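# Reading the structure
Take a look at the letters that make up each chain.
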Amino acid sequence: MRFVKGAQVVANRHFLHFADCAEIATRKHFKREPWLTAGVNGSHSGNSLHYVFKAWDLRVWKDGEDSSKGRFSCKACENFAADLRVILGVLYDVVVHYDKTGAYVTHIHTEYDPR
Ligand SMILES: [Zn+2]
């Protein structure tokens, strides 16, 4: 897993499981390493699990370091997310986030949220 500049996590057991599963799903679907944009860093809603070290965001750019190479299609992201949900198991949620118009995926949010 690669971290964008400023991305910070606490390496608790929830993160370690997420990191292993993200690696498997990302290599399978996107043929590259997963790029983490946010753990505890960044701006999130007030009650976000990001702030309690239980949520992480993944980048959907084709090249993890270069946005000019484009991003994965909505369908590719949904397929990735469906697989990641299965690999992570029932204690995690995976949410595909779109821009306001729904035209493209901004990032994929994952959280440890047993219910
Ligand atoms: Zn998030």
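My aim in this report is to walk through the structure given alongside it, one point at a time. (Residues numbered from 1 in each chain as written. Predicted model: local features only at pLDDT ≥ 70, side-chain atom pairs only at ≥ 80, totals over all residues.)

With that out of the way, let us pick up the overall build of the protein. On a plain count of helices and strands, the protein comes out with two helices and seven strands. Overall, the protein shows an N-to-C arrangement of helices and strands of β-α-β-β-β-β-α-β-β. Taken over the C-alpha trace, the protein has a radius of gyration of 13 Å; the compact-globule value for 115 residues is 13 Å, and the two agree within 12%. Taking the principal axes of its C-alpha atoms as reference, the protein extends roughly 35 × 30 × 25 Å. Counting over 115 residues, the protein shows a buried share of 33%. For the protein, the proportion of contacts with a sequence separation of at least 24, taken over those separated by at least 6, is 55%. (Helix = DSSP H or I, 4+ residues; strand = E, 2+ residues; numbered from the N terminus. Rg over C-alpha atoms; globule rule 2.2 N^0.38 Å. Buried ≥ 20, exposed ≤ 12 C-beta atoms within 10 Å, placed from the backbone. Contact = placed C-beta atoms within 7 Å.)

The subject of this paragraph is the environment of Ile108. By the secondary structure assignment, Ile108 is in strand S7 (residues 105–112). What makes Ile108 buried here is the crowd of 25 C-beta atoms within 10 Å. Excluding anything up to four places from it in sequence, Ile108 contacts Asp57, Leu58, Val60, Cys77, Ala81, Val94 and Val96.

In contact at an axis separation of 9 Å, helix H1 (residues 13–30) and helix H2 (residues 74–88) are set at 145° when each is read in the N-to-C sense. Both H1 and H2 take part in a crossing whose hand is right-handed. Facing H1, whose interface residues are Phe18, Cys21, Ala22, Ile24, Ala25, Lys28, His29 and Phe30, H2 presents Ala76, Asn79, Phe80, Asp83, Leu84, Ile87 and Leu88. Class assignment for the residues of the contact of H1 with H2 results in 11 nonpolar, two polar and two charged. (Axes fitted to C-alpha atoms, helices over the stretch in contact; angles between N-to-C directions. Left-handed = near helix turned anticlockwise from the far one by under 90°. Nonpolar A, V, L, I, M, F, W, Y, C, P; charged D, E, K, R; others polar.)

All right, on to the environment of Phe53 then. With respect to the helices, strands and loops of the structure, Phe53 is situated in the loop between strand S2 (35–38) and strand S3 (55–58). Measuring from C-alpha to C-alpha, the distance between Phe53 and Asn12 comes to 7.8 Å, with 41 residues separating the pair along the chain. Setting aside residues no more than four positions away along its own chain, Phe53 makes contact with Val10, Asn12 and Val40.

Turning next to the pairing of S7. Among the eight residues in S7, seven count as buried, and that is most of the element. Of the strand pairs in this sheet, strand S6 (residues 92–98) and S7 are connected by seven bridges, and their pairing is antiparallel. Pairing of Val94 across the sheet is with Thr110, part of S7. (Pairing = 2+ DSSP bridges.)

Here we take up H2. Here H2 is 15 residues long and its end C-alpha atoms lie 21 Å apart, about the 21 Å a rise of 1.5 Å per residue gives. By the burial criterion, the buried members of H2 are Cys77, Phe80, Ala81, Leu84 and Leu88. Seen end-on, H2 carries its buried residues on one side only, within an arc spanning 100°. Away from its buried face by more than 90 degrees, H2 exposes Lys75 and Val86. Summarising the contacts, the buried residues of H2 are in contact with H1, S6 and S7. (Expected span 1.5 Å × (residues − 1). Arc of directions from axis to C-beta.)

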